[in-house]
Amino acid sequence: MSGDFVPAPDSLRWRKYAGRDVIPLWVADMDFPAPPAVVAALQSRVASGLFGYGEPWPSLIEAVIEHCQREYGWRIEAEWLVWLPGLVPGLHLACRAVGAAGDGVFTATPVYPPFLSAPDAEQRRLLTLPLVRHEGGWGWDFAAADAILRAARLLLLCHPHNPVGRAWREDELWQLAALAQKHDLVVCSDEIHCDLTLNGRHTPFAMLSPEIAARTITLMAPSKTFNLAGLGCAYAIIPDAGLRRAFRAAGHGIVPHPNVLGLTACEAALREGGAWRLQLLDTLRAHAARVEQVVNALPGLSMERVEATFLAWIDCRELGLAQPAAFFEQAGVGLSDGAAFGSGSAYAQYVRLNFGTTRPLLDAALERIREACARL
Ligand SMILES: Cc1ncc(COP(=O)(O)O)c(C=O)c1O
């Protein structure tokens, strides 16, 4: 997970700064080549030369079922699966499938930007509540959530949470579950980062109870964990037949057939990527610790511990800059601008740093950040 690195020529993240001396640590993919077993499976699929319409096949479906059982102790049924070309389409379909135009969709900020744009794009009304930074990390104001959720039909949950890096504990999930039951909500739980929980085991929201499962759309994908985002492959797990029907219907004519290369990569990753993932987690734990150490030692910057993901949410408010992302870009580090993770300018003085890169690049970026802060 280190050494010399040459980005793909089409890399969105790297192309943004082509020809400039800016280390790109923004969009959330990693600088690590996919597991060798995935590459081998793709090579053999490509060698067939046959790329007609595909359909998820039994051993692929079995791989997902086994993965859920092995990694989370979650027993799912084959018919609960709905295949998707990505998680973001799943967020949109959830908005379309639940309620009607003008109905409330709730999410907590800061959050991955499509959580904020999907409701509006699907004629729903976005309701937000800021997460709170407590002594020991980011958390929920459940009383405030209770008040807002009265007006909601759908709760978009990011679990683990991008960008704050929390892997929600079971007691926190239970509080959300109680609110979902009280206000009769559907919950769409985006669990794309769940296999990047740095310590401990992930609990899918839907696993809490059969009643909760019946109101939950879980979105998962191999793309973040195994660095396969460009292959467009994800799946929804929807135990309730009516909700599943509505979700499928919402995508009719819009959501394409699954990409056969994405499906091929998915099976290989879930079946044979285990050892690679453990090595990745070691690397990410070390990178997270390094980022935390450097950031929290710099006057004006601070962050909480990253429990999951390869993303660090950095509070730059004490630097007193209007646009810290632009400031660090000038200094040669391309970070995600916090402003995109909330409405208005609420998070304009935060940045998100992607540490899914090689150690030399990460260290160089951190050094540039340190020097830039020292010059202020
Ligand atoms: C929470 C979350 N959901 C969804 C996505 C994107 O999913 P996809 O590329 O499958 O649409 C990301 C990408 O960073 C993410 O962080």
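Refer to the structure printed above.
All values derive from a computational prediction rather than experimental measurement.

*Asks:* Account for the overall build of the chain, naming residues and giving values.
*Replies:* From N to C terminus, the chain includes 13 helices and 13 strands. Radius of gyration (C-alpha) of the chain: 20 Å, near the 21 Å computed for a compact globule of 376 residues. For the C-alpha atoms alone, the extent of the chain along its principal axes is close to 60 × 55 × 35 Å. Taking all 376 residues of the chain together, the buried fraction comes to 57%. Here the analysis covers contacts within the chain between residues at least 6 apart in sequence; of these, 74% occur between residues at least 24 apart. Within the structure as shown, the chain displays about 15600 Å² of accessible surface, and the carbon and sulfur contribution to it stands at 52%. Looking at charge distribution, the chain has the averaged site of its 33 positive side-chain charges lying 2 Å from that of its 39 negative ones.

*Asks:* Help me get a handle on the pairing of strand β11 (residues 311-315), residues and values and all.
*Replies:* The element β11 is extensively covered by neighbouring structure, given that 5 of its 5 residues are classed as buried. Of the two faces of β11, the one holding L311, W313 and D315 and the one holding A312 and I314 are both buried throughout. Pairing geometry for β11 and strand β13 (residues 350-354), over 5 bridges, is antiparallel. Bridging across to β13, D315 finds its partner in Y350.

*Asks:* I'd love a proper account of the site of the ligand, names of residues and values included.
*Replies:* Near the ligand, the surroundings consist of A28, G86, L87, V88, Y112, C158, N162, D190, I192, H193 and K224. Between an oxygen atom of the ligand and a main-chain N or O atom of L87, the distance comes to 2.7 Å. N162 places a polar side-chain atom, nitrogen or oxygen, 2.7 Å from an oxygen atom of the ligand. Of the residues assigned to the shell around the ligand, the class counts are 6 nonpolar, 3 polar and 2 charged.

*Asks:* Residues and numbers for the sheet that holds strand β8 (residues 186-190), please.
*Replies:* What links the strands of a sheet is backbone hydrogen bonding, and the strands pair in either a parallel or an antiparallel sense. An order of β2-β10-β9-β8-β7-β3-β4 is seen for the 7 strands of this open sheet, with the pairing classed as mixed. Either end of the sheet is taken by a strand with one partner, and the two such strands are β2 (81-84) and β4 (125-130). The average undirected angle you get between the axes of adjacent strands in this sheet is 20 degrees. The sheet contact formed by strand β3 (residues 104-109) and strand β7 (residues 152-158) spans 3 bridges and is parallel. Counted as the bridge partner of G104 is A152 from β7.

*Asks:* Before we move on, could you go through the packing of helix α4 (residues 87-97) against helix α9 (residues 241-250) and cite the residues and values that matter?
*Replies:* Between α4 and α9, the least distance of the axes is 8 Å, while the angle of their chain directions is 115 degrees. The angle between α4 and α9 falls in the class roughly perpendicular. Along this stretch, α4 crosses α9, giving a crossing that reads as right-handed. Residues G90, L93, A94, R96 and A97 of α4 pack against A246, F247 and A250 of α9. In the contact of α4 with α9, the residues fall into 6 nonpolar, 1 polar and 1 charged.

Conventions used here
- Residues numbered from 1 in each chain as written.
- Predicted model: local features only at pLDDT ≥ 70, side-chain atom pairs only at ≥ 80, totals over all residues.
- Heavy atoms only, no water.
- Helix = DSSP H or I, 4+ residues; strand = E, 2+ residues; numbered from the N terminus.
- Rg over C-alpha atoms; globule rule 2.2 N^0.38 Å.
- Buried < 20%, exposed > 50% of the residue type's maximum accessible area, 1.4 Å probe, protein only.
- Contact = heavy atoms within 4.5 Å.
- Areas by Shrake-Rupley, 256 points an atom, 1.4 Å probe, with all protein chains shown as cover.
- Lys, Arg positive; Asp, Glu negative; His and termini not counted.
- Charge placed at Lys NZ, Arg CZ, Asp CG, Glu CD.
- Pairing = 2+ DSSP bridges.
- Near = heavy atom within 4 Å.
- Polar contact = N/O pair within 3.5 Å; in protein donor to acceptor, adjacent residues only side chain to side chain.
- Nonpolar A, V, L, I, M, F, W, Y, C, P; charged D, E, K, R; others polar.
- Axes fitted to C-alpha atoms, helices over the stretch in contact; angles between N-to-C directions.
- Parallel < 35°, antiparallel > 145°, perpendicular 65-115°, else oblique.
- Left-handed = near helix turned anticlockwise from the far one by under 90°.

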